[in-house]
Amino acid sequence: MLLPRGWVHNPFNAADRPSLHLTFAIRERTPYWIAEKLAGGVIGELAFRQILLPGDIHGDALSGIIADTRDALVAYLQSLDVRRMAETLRRLARTELEYTT
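Residues numbered from 1 in each chain as written. Predicted model: local features only at pLDDT ≥ 70, side-chain atom pairs only at ≥ 80, totals over all residues. Heavy atoms only, no water.

(A) Looking closely at the overall build of the chain. When helices and strands are tallied, the chain shows four helices and zero strands. Mapped from its N terminus to its C terminus, the chain presents α and β elements in the order α-α-α-α. Projected onto its principal axes, the C-alpha positions of the chain cover 70 × 35 × 15 Å. Sorting the 101 residues of the chain into buried and exposed places 8% on the buried side. Considering only residue pairs separated by 6 or more positions, the chain has 77% of its internal contacts joining residues 24 or more positions apart. Carbon and sulfur atoms make up 60% of the accessible area of the chain, which amounts to about 9100 Å² in all. Mean positive and mean negative side-chain charge positions of the chain (12 and 12 charges, respectively) differ by 11 Å. (Helix = DSSP H or I, 4+ residues; strand = E, 2+ residues; numbered from the N terminus. Buried < 20%, exposed > 50% of the residue type's maximum accessible area, 1.4 Å probe, protein only. Contact = heavy atoms within 4.5 Å. Areas by Shrake-Rupley, 256 points an atom, 1.4 Å probe, with all protein chains shown as cover. Lys, Arg positive; Asp, Glu negative; His and termini not counted. Charge placed at Lys NZ, Arg CZ, Asp CG, Glu CD.)

Encoded structure:
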């Protein structure tokens, strides 16, 4: 029997004999996983590594910084080679050991 992640279940043995219950975690890949990988690629881009000052976060400048960051992220994503990214994601789907999403 296969139960998808998140399904509540309570197995029991009606015959009152020894039984075995195994659980296997299967890494599910979702659009959220893809979005994490796409956004994670900006770490090497200088524009995304600039320091935000505390006054920028709590002051009026934050809206402008958010807009600039959004625009830079959109430009970064539009410049990606989709086929190359697909190959990277295929490789990661086979080799990633962490289960995050």
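(B) Expanded view of the pattern of salt bridges. Overall, the coordinates contain four salt bridges when judged by the stated rule. One salt bridge connects Arg-29 with Glu-96, and the closest N-O pair in it is separated by 3.4 Å. Taken as a pair, Arg-29 in the segment before helix 1 (31–40) and Glu-96 in the segment after helix 4 (82–95) lie far apart in primary sequence, 67 residues in all. What makes Arg-29 partly exposed here is its relative accessible area of 28%. (Salt bridge = Lys/Arg side-chain N within 4 Å of Asp/Glu carboxyl O.)

(C) Structural view of the layout of surface pockets. Of the volumes computed, that of the second largest pocket is approximately 200 Å³. Lining the second largest pocket are Ala-47, Phe-48, Arg-49, Gln-50, Ile-51, Leu-52, Ile-65, Asp-68, Thr-69 and Ala-72. For the lining of the second largest pocket, a count of residues per class yields six nonpolar, two polar and two charged. (1 Å grid on protein atoms, 1.4 Å probe; cavity = no way out; pocket = protein on both sides within 12 Å on 5 of 7 lines; lining within 4 Å. Points joined across faces, edges and corners; volume = space filled by probe spheres on them. Nonpolar A, V, L, I, M, F, W, Y, C, P; charged D, E, K, R; others polar.)

(D) Layout of the packing of aromatic side chains. Applying the stated rule across the entire model yields zero aromatic pairs. Stacked on the ring of Trp-33, the Lys or Arg Arg-29 has its end atom at 4.6 Å from the ring centre. (Phe/Tyr/Trp six-rings, centres within 6.5 Å; stacked < 30°, edge-to-face > 60°. Lys NZ or Arg CZ within 6 Å of the ring centre and 35° of its normal.)

(E) Representation of helix 4 within the structure. Over its 14 residues, helix 4 runs 20 Å from end to end, which matches the ideal 20 Å to within 8%, given 1.5 Å per residue. Those residues of helix 4 not exposed but buried are Met-85, Leu-89 and Leu-92. Buried residues along helix 4 cover an arc of 60 degrees about the axis, so they all sit on one side. Pointing more than 90 degrees away from the buried face of helix 4 are the exposed residues Arg-83, Arg-84 and Arg-94. The distance from a side-chain oxygen at the start of helix 4 to the backbone nitrogen of Arg-83 is 3.1 Å, and the residue carrying that oxygen is Asp-81. (Expected span 1.5 Å × (residues − 1). Arc of directions from axis to C-beta. Polar contact = N/O pair within 3.5 Å; in protein donor to acceptor, adjacent residues only side chain to side chain.)

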